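# Close look at the chain arrangement
The chain contents come next:
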Amino acid sequence: MPKPDESEENWISMIDNLCSKLNVDPVAAKKSKESFLEINRNYTLDGDPMHWMACALYVACRTSMTPTVESGKAVEGNCVSLTGLLRACNISLIQFFNKIKNWMEMALMPSDFKDRITRLEHKFAVSTVLFRNFQPLFQEIFSGLTNEPVKPNNPKSKKHKLQPCSTNALFEFTWCLYVCVKGEFHNSADDLVDMYHILLSCLDFVFANAFMARRIDLINPGFKVVPKDWLNDDFEMPSEPPCIISALCEIKEGLAVEAATMKEYSWMPVIKSFFSKKHLKGDSENLLGLLDVGNFDANLKSLNNLYETYVLSVGEFDERIFLGEHANEQIGSKKVSGDEISQVIASFGPGGRACPDTPLTGRRYLARREALTPVSEAANSLARLAALLRHARPHPSPHLRAFLNKYGVTEEFINTNVVRPCNGWMDQFSKCLSENNCSSETIAFRCNMVTCLYYNVFEYIIREEHRKKPQVSLQKLLSQETYQLTVYACCTEVVLHAYGVHSMRFPRVLQIYNLSAFHFYKIIELVVQAVVDKLSRDVIKHLNVVEEQVLESLVWSGGSPLWEQLARAPVPASADVYVHDERPTTSIDRFLTPMADQAKKQLFKDNIKPGQSLLVQSNKPEAPAPAVTSQPNSDKPNTTPNSTPKKANNSLILFFRKFYGLAEVRMNDLCDRLRLSDDELKRKIWTCLEYSIMHQTQLLKDRHLDQLLMCAVYVICKVSATATNPVEQTFADIMRCYRQRPLADNHVYRSVLIRPAGPQESPERGDLINFYNQVYVKCMQNFALRFTGKHKDECSLSPLPGRAGRSPGGQRVSGHQLYVKPLTTPPHHHNHLTYRFSRSPAKDLHAINTMVSCEVGGKRPAVAEGDVVKRARLAAAGVARKLQGLVSDRQAV
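Residues numbered from 1 in each chain as written. Predicted model: local features only at pLDDT ≥ 70, side-chain atom pairs only at ≥ 80, totals over all residues. Heavy atoms only, no water.

## What to know about the overall build of the chain
Scanning the chain from N- to C-terminus turns up 32 helices and 11 strands. Residues classed as buried in the chain amount to 52% of the 893 residues present. Taking the intrachain contacts of the chain between residues at least 6 apart in sequence as the baseline, contacts between residues at least 24 apart amount to 73%. (Helix = DSSP H or I, 4+ residues; strand = E, 2+ residues; numbered from the N terminus. Buried < 20%, exposed > 50% of the residue type's maximum accessible area, 1.4 Å probe, protein only. Contact = heavy atoms within 4.5 Å.)

## Structural notes on the side chain of Asn-299
Locating Asn-299 in the fold gives a position in helix H11 (residues 296–314). Residue Asn-299 is classed as buried on the basis of its relative accessible area of 1%. Apart from the residues lying within four places of it in its own chain, the contact partners of Asn-299 are Phe-173, His-279, Leu-280, Lys-281 and Leu-290.

## Re the nonpolar core
Within the largest apolar cluster, 142 residues are counted, with the highest numbers of intra-cluster contacts made by Tyr-513, Phe-520, Trp-556, Phe-655, Phe-656, Phe-771 and Tyr-776. Not counting chain neighbours up to four residues away, the residues in contact with Tyr-513 comprise Trp-425, Gln-428, Phe-429, Leu-485, Tyr-488, Ala-489 and Thr-492. Within the second largest apolar cluster, 113 residues are counted, among which are Phe-36, Met-50, Cys-202 and Ile-331. (Core = buried A, V, L, I, M, F, W, Y, C linked by side-chain atoms within 4.5 Å.)

## A closer look at the packing of aromatic side chains
By the definition in use, this model includes 55 aromatic pairs. Pairing Tyr-307 with Tyr-310 gives two aromatic rings, centres 5.7 Å apart and planes at 35°, and the pair type is tilted. In this pair, Tyr-307 and Tyr-310 both sit in helix H11, 3 residues apart, roughly one turn of the helix. In this structure Tyr-307 comes out as buried when scored by relative accessible area, which is 2%. Judged by centre distance (4.9 Å) and plane angle (80°), the rings of Phe-655 and Phe-656 are edge-to-face. Note on accessibility: Phe-655 and Phe-656 belong to one class, buried. An aromatic cluster is defined as three or more aromatic residues linked by ring pairs; in this entry it consists of Phe-518, Tyr-521, Trp-556, Trp-563, Phe-655, Phe-656, Phe-659, Tyr-660 and Trp-686. Directly above the ring of Phe-403 sits Arg-463, whose terminal nitrogen or CZ lies 4.6 Å from the centroid. Sitting over the ring of Trp-563, Lys-701 keeps its end group 4.8 Å from the ring centre. (Phe/Tyr/Trp six-rings, centres within 6.5 Å; stacked < 30°, edge-to-face > 60°. Lys NZ or Arg CZ within 6 Å of the ring centre and 35° of its normal.)

## Side note on the pattern of salt bridges
Per the counting criterion, the structure on display carries 26 salt bridges. Glu-8 is paired through a salt bridge with Arg-41; the nearest N and O atoms lie 2.9 Å apart. Here Arg-41 lies in helix H2 (residues 26–42) and Glu-8 lies in helix H1 (residues 8–22), a separation of 33 residues in the sequence. Glu-8 gets classed as partly exposed once you look at its relative accessible area, which sits at 29%. Arg-41 sits in the exposed class, given a relative accessible area of 54%. The network of salt bridges with common partners includes Glu-548, Glu-552, Arg-666, Asp-706 and Arg-741. (Salt bridge = Lys/Arg side-chain N within 4 Å of Asp/Glu carboxyl O.)

## Here we look at the state of the cysteines
In this structure the tally under the stated criterion is 0 disulfides. Cys-176 provides the cysteine sulfur closest to Cys-180, a residue in no disulfide bond, and the two sulfurs are 6.6 Å apart. There is no disulfide at Cys-243, and the cysteine sulfur nearest it, in Cys-249, is 9.1 Å away. (Disulfide = S-S within 2.5 Å.)

## Topic: the side chain of Thr-167
With respect to the helices and strands, Thr-167 occurs in helix H7 (residues 167–182). Under the relative-accessibility criterion, Thr-167 is labelled buried at 8%. With near-sequence residues (within four places) excluded, Thr-167 lies in contact with Phe-138, Phe-142, Ser-143, Gly-144, Leu-145, Asp-217 and Leu-218.

## Comments concerning the packing of H7 against helix H10 (residues 256–276)
For the pair H7 and H10, the least separation of the axes is 10 Å and the interaxial angle reads 105°. Regarding the angle of H7 to H10, the classification is roughly perpendicular. Contacts between H7 and H10 involve Leu-177, Cys-180 and Val-181 from the first element and Trp-267, Val-270, Ile-271 and Phe-274 from the second. Tallied by class, the residues present in the contact of H7 with H10 amount to 7 nonpolar, no polar and no charged. (Axes fitted to C-alpha atoms, helices over the stretch in contact; angles between N-to-C directions. Parallel < 35°, antiparallel > 145°, perpendicular 65-115°, else oblique. Nonpolar A, V, L, I, M, F, W, Y, C, P; charged D, E, K, R; others polar.)

## Remarks on the packing of helix H26 (residues 679–695) against helix H27 (residues 705–720)
Between H26 and H27, the shortest axis-to-axis distance is 9 Å and the interhelical angle comes to 130°. Between H26 and H27, the crossing angle belongs to the class labelled oblique. Seen from above, H26 lies across H27 with right-handed handedness. Contacts between H26 and H27 involve Leu-681, Lys-684, Ile-685, Cys-688, Leu-689 and Ser-692 from the former and Leu-708, Leu-709, Ala-712, Val-713, Val-715, Ile-716, Cys-717 and Ser-720 from the latter. Across the contact of H26 with H27, the residue classes tally to 11 nonpolar, 2 polar and 1 charged. (Left-handed = near helix turned anticlockwise from the far one by under 90°.)

## Considering the confidence of the model for the chain
Low-pLDDT portions of the prediction should not be read for the details of their coordinates. Here the chain averages 79 in pLDDT, and 73% of its residues register 70 or above. Of all the helices and strands in the chain, strand E3 (residues 626–629) carries the lowest mean pLDDT, 33, while helix H20 (residues 508–512) carries the highest, 96. Low pLDDT, under 50, characterises residues 616–634; the predicted model gives this stretch 42 contacts beyond four residues in sequence or across chains. Note on residues 812–818: pLDDT is under 50 here. Beyond four places in sequence and across chains, it has 29 contacts. (pLDDT = per-residue confidence, 0-100.)

## Description of the environment of Asn-746
Within the secondary structure, Asn-746 sits in the loop between helix H28 (731–739) and helix H29 (747–750). Along the sequence, Asn-746 and Arg-736 sit 10 residues apart, while their C-alpha atoms lie 9.5 Å from each other.

Laid out in structure tokens, this is it:
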């Protein structure tokens, strides 16, 4: 970035000038200079140096507190507004968002600061959406808006005569009033639905003042609420102005009931406080007179001063930026409407995007996409939710009670095990909303909505559970409080998302109910099935996103109950979780406790021959097969002799079926983007990834599935590359393609856990390459080397999950290529060896044993049909399999 003749003194001088211009205090100024110079020494900073200085100054100001004249008080942000800082550095808001993300990575900023930037981006997106709706709504109500800048009255001029406000001045006044009121809702100022309804309340309030002042020069006579005789000289003024909330909701997407509630219980209290604090002049009793000639200019000036103080105290961007002549340049788009702003919203909307990407999984539940704006999408989600719950009540329905009574569940049991816990969860949610400064009416309304949805969904799930497994006691099912809590939490997430409550976005709901992600995932798909035809596509898509978040990282956090289960049972192979099971599984299966270990009878003692599956561990006495369990604060596997094989419990099987499914979809997506189309290469990558999950499970602790996936792609492509098959990929290529995947986050490869926290040390984090070199290679090097050398073509690879266990021969059992299915007709193939239990002579079993032990090659599986075990006689090279545990597994099926 710097030219050879430029020294650090030049940069220091430039920053000093900026700090002087912005009146930055010496501590923050020093911090900004030090950080800029350090980053400049270590990185190449492309582009205008002033843009990077803006980042350094912003970080320095936002990480310091400035004392005020009021004793014991301090303001955050160093009294420097973001808009003023960007204007001084000649950088647009959108350019700043792009630069600050890179700066945070280079400066290794903590996650809470990154969250702050995410919230700031989200707030900008919400404000942009709201302003786009504000302007056309204003023009529906009022007439005469032009592009001319507002010329303020000058009361100090002797010849000055106060004039009634113009439409342009009213436009500025309305938006200023709105952003001032919006600033009072600290925890929900970026919630799109609530703030849109506050905007409608603001327009209704300003219209009321113009109507009662009979400003026929301002009000559009064609507006549907305006009386037909409005322009007549003999028009008789009503005692109260008409409410235009419903009309606005019809013109632009909105929910009349919700908007009316926000007007009464959120807007009105703030406006009354503005009158009492003298921020507004007028008739404080009737909340009128704001536009009177003697009041309007004073009110506009007061609102601007009030908002200026707010912006300086919190250091956020100035939402009045949309009103300025140079709004386009300051925002960073050519227009303040149209396609350019749509791109802005798409880049910086809720959760990163106003219309989030569709996740790779769960797409079968999504309806056809409709062309909706952010506001109409949110309104549609709420409207469909309200329609679903129109006749619902916050207690078990008579139909549910009758259904439970029919199968022996008493009213006392229902009240004790269903109603009482639900009331407790409602209190927890209410407390959380209260801490977010929601009004008591909003709290009651949303708690009621969550509870109504809960009983609606829970009734569906109970009936489905009973239909699938009528033998399961309903009392046993209702006794699972965690099971019910996950349903309630999922319904809470639906309501929070429908309202666009960004301040309580997932995984906040897990903290509200002190619920683990491992338990939460178990119910998501069932809730989706219960509401898929009733709620909006956006809500269903959000639940799919949440499920992916849980599976990819949240369940692997250090305190997850998953680790307790893995300490008692091994991670199953993907082939073992994708078996066909004709027995229906229900959600209660996911909550079952682990089964007791089953001792398996060893039928054959032959050592596994060369060409075995890479995932099968050797069972030699000097090197017993290890079973991997987790150890706190360690990336080293804890190995114990696997003398007594363990059988994974139902809960783990169902979890890993989901997890492996997500892993395969993401692997295929990444391979497609890297143009790796060879099936054998994909199977190598999958075998490597599966091995890391099964036998180096500790690599996932406090990490992300995608981190292991990218490492597996890198190492397999590296060891598989040849002169004739140049498949080697760089990490830069892998990460570039990874970024293109829907919902991908560069934080995944920029911040990876290297060393867990110790008793007196913080955790060490680094980028993906550091993780690969310092952690991954140590655990996976020996395994990866099996793909090289003279035996690389003899290694049997794991089947891809989509094909695992799906043999026309039946259901796969044990860890062997053995399948069972009910015997319908005797086998008629001449190339099969057959053994009938309790019927065939020992020599038949010995023949099968000899063939399996000595055979090399063979891709066709062994199949068991009822009382028959058969295996094709194949001449090709293959894998020798032990039939250890055959009888036990067969009896367990």
